Amino acid sequence: KTSWGDSYLMMMDQQGQMTQVSREFGAVTGFDVAWTADGRKQILLSAMRGQHLTELYLLDPDSGKEEKLTGFHDEYLETHQVVEPERFRYESKNGYEMEAYVIHPADYVPGKKYPAVFEIHGGPKGVSGTAFFHEFQCLASAGYFVFYGNPRGSDGRGEAYADLTEKFGADDFQDLMELSDQILKHYPDIDEKRVGICGGSYGGFMCNWMEGHTDRFAAAVSQRSFSNWLSDFGCSEIGFSFDVNENGGKTPWTAPKELWERSPVAYADRVKTPTMFIHSLKDFNCPLSEGMQMFAAIKYHGVPSKAVLFEGENHELSRSGKPLHRMRRLQEMNGWFDLYLKGEKSEC
């Protein structure tokens, strides 16, 4: 079960009653149950704890205590700097208590001003938390604050919270802008004029949307995105029902004007944010045309933009792409932010 930004192992009885078994913050990625010779239950977890990558843990189901059994990544963590995310909560204008996460730059010096990157997760029914995420750590190692949260539409807070039907670019946009306000208020060492945005899939959609509705951000990296509810219909491997369901039953034939007004590309003439578009040529989830029409639209209107395309990769580039391509993706992202948030030009 996902709760806020963490996932836990749960047990359900025959009556449907749920009991939480694991209690540590982080992410549970798999489990197995066995019994000892004297009849005691043992649970083996694969999980991410603290800033450790996935390891095996022995969980006592009665006490909730975990014993770390493996150290596959200990050597890496001993030789690389990893920054623990901070979390804080605030009362939102939307009526919910909200949670934000912040990673300081590596070698952070209090009182010094730093650029920052605002990361937006995919989904929209995804979630971000404190578990190790390589992209965030790479940015922190390059001298950036990294901040993120889980706006309405995210998992972990119940179905009503996660329902974005006919609210894409509305409720979520409001929450993300307020989260940005909260971060800048709580972390004065972030230079508010040097903040970038970054996201993939739904996060790419929100990057595209935000660019057309605010000039707050100095740079953007929009990845594996979609930008047009009209052209996306019937073209995604998700299936033709996704766009219809997310728009409350509206289709290109019944509500073309409304769907256009809900599409980021409709506001491309307002964009001022320099944007890099990263897309895979075999992305059938968010088709290549979706990212490229947003790229072409803002390019047409004179906004600095760049398209970085990966041959032979799909929607999973950042997770399961070829190692060389995954490294190149991170290099391209960092190079774009270095150029527009630090004024530094780097060669990829």
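Each chain carries its own residue numbering, running from 1 in the written order of its sequence. Only residues with pLDDT of 70 or above have their local features reported here, since the model is predicted, and side-chain atom pairs are shown and tallied only from 80 upward, although totals for entire chains, interfaces and linings are computed over all residues. Heavy atoms from the whole structure form the basis of all side-chain values; hydrogens and water molecules are not counted.

(A) Spotlight on the overall build of the chain. Strands here mean DSSP runs of E at least two residues long; helices mean DSSP runs of H or I at least four residues long; both are numbered from the N terminus. Helix and strand content of the chain: eleven helices and 16 strands. Taken over C-alpha atoms, the radius of gyration is set against a globule rule of 2.2 Å times the number of residues to the power 0.38. For 348 residues, the compact-globule estimate of 2.2 N^0.38 gives 20 Å, and the C-alpha radius of gyration of the chain, at 21 Å, lies within 12% of that figure. Reported as C-alpha extents along the three principal axes, the dimensions of the chain are approximately 70 × 50 × 45 Å. When the 348 residues of the chain are sorted by exposure, 52% land in the buried category. A residue counts as positive if it is Lys or Arg and as negative if it is Asp or Glu; His and the chain ends are not included. Positions of charges follow a simple convention, taking NZ of Lys, CZ of Arg, CG of Asp or CD of Glu. Separation between the mean location of the 36 positive side-chain charges and that of the 51 negative ones in the chain comes to 3 Å. Per-residue accessibility, obtained with a 1.4 Å probe over protein chains only, is compared with the maximum for each type, and a residue is labelled buried under 20%, exposed over 50%, and partly exposed between these values.

(B) Looking closely at the packing of helix 4 (residues 171-186) against helix 5 (residues 202-211). At a closest axis distance of 11 Å, the pairing of helix 4 and helix 5 adopts a crossing angle of 80 degrees. Relative to helix 5, the element helix 4 lies roughly perpendicular. The segment helix 4 lies against helix 5, with Asp172, Phe173, Leu176 and Met177 engaging Tyr202, Met206, Trp209 and Met210. Looking at the contact of helix 4 with helix 5 residue by residue, the class counts come to seven nonpolar, no polar and one charged. Every axis corresponds to a line fitted to the C-alpha atoms, with the helix fit spanning only the stretch in contact, and the corresponding angles, defined between N-to-C directions, vary from 0 to 180 degrees. An angle counts as roughly parallel when it lies under 35 degrees, as roughly antiparallel when it exceeds 145, as roughly perpendicular when it falls between 65 and 115, and as oblique in every other case. The contact definition used throughout considers only heavy atoms, calling two residues in contact when any of these lie within 4.5 Å. Side-chain classes follow a simple rule in which Ala, Val, Leu, Ile, Met, Phe, Trp, Tyr, Cys and Pro form the nonpolar group, Asp, Glu, Lys and Arg form the charged group, and the remainder, Gly included, forms the polar group.

(C) Inspection of the environment of Met12 at higher detail. Of note, Met12 is situated in strand 3 (residues 10-12). On a C-alpha basis, the gap between Met12 and Gly169 in space is 36 Å, while along the polypeptide they are 157 residues apart. With residues up to four places along the chain from it excluded, the contact list for Met12 reads Gln17 and Met18.

(D) Quick look at the pairing of strand 12 (residues 145-149). Across the five residues that make up strand 12, a large majority, five, are buried. With burial as the criterion, each face of strand 12 is covered, one bearing Phe145, Phe147 and Gly149 and the other bearing Val146 and Tyr148. The pairing of strand 10 (residues 97-103) with strand 12 spans four bridges and is antiparallel. Residue pairing across strands places Ile103 opposite Val146, the latter belonging to strand 12. Here the term right-handed applies to a crossover when the path leading from its first strand over the helix to its second strand runs clockwise, the strands being oriented away from the viewer. Traced from strand 11 (residues 114-120) through helix 2 (residues 134-141) to strand 12, the parallel crossover comes out right-handed. When DSSP finds at least two bridges between two strands, those strands are taken to pair.

(E) How the structure looks around the sheet that holds strand 9 (residues 86-91). The mixed open sheet is built from eight strands, whose spatial order is 9-10-12-11-13-14-15-16. Both outer strands of the open sheet, strand 9 and strand 16 (305-310), are each paired with one neighbouring strand and no more. Averaged over all adjacent pairs, the angle separating strand axes in this sheet is 20 degrees, with direction ignored. As paired elements, strand 13 (residues 190-200) and strand 14 (residues 219-223) share five bridges and run parallel to each other. In the strand pairing of strand 14, Gly200 is matched with Gln223. Helix 4 contacts strand 9, strand 10, strand 11, strand 12 and strand 13 of the sheet and is inclined by roughly 115 degrees relative to strand 9.

(F) Local environment of the side chain of Glu99. Topologically, Glu99 is positioned in strand 10. Within the structure, the side chain of Glu99 is placed 2.9 Å from the side chain of Arg89, a separation counted as a polar contact. Those residues in contact with Glu99 that sit more than four places away from it in its chain are Trp4, Gly5, Arg87, Phe88, Arg89, Gly149, Asn150 and Leu179. Counting of polar contacts relies on pairs of N or O atoms within 3.5 Å, with two restrictions inside protein: one atom must be capable of donating a hydrogen and the other of accepting it, and residues adjacent in sequence are counted only when both atoms are side-chain atoms.

(G) Quick look at the sheet that holds strand 5 (residues 27-35). With antiparallel pairing, four strands are arranged side by side in an open sheet as 5-6-7-8. Either end of the sheet is taken by a strand with one partner, and the two such strands are strand 5 and strand 8 (66-68). In this sheet, adjacent strand axes meet at a mean angle of 30 degrees when their direction is disregarded. Relative to strand 6 (residues 41-48), strand 5 runs antiparallel, the two sharing eight bridges. Its bridge partner lying in strand 6, Val28 is registered against Ala47.

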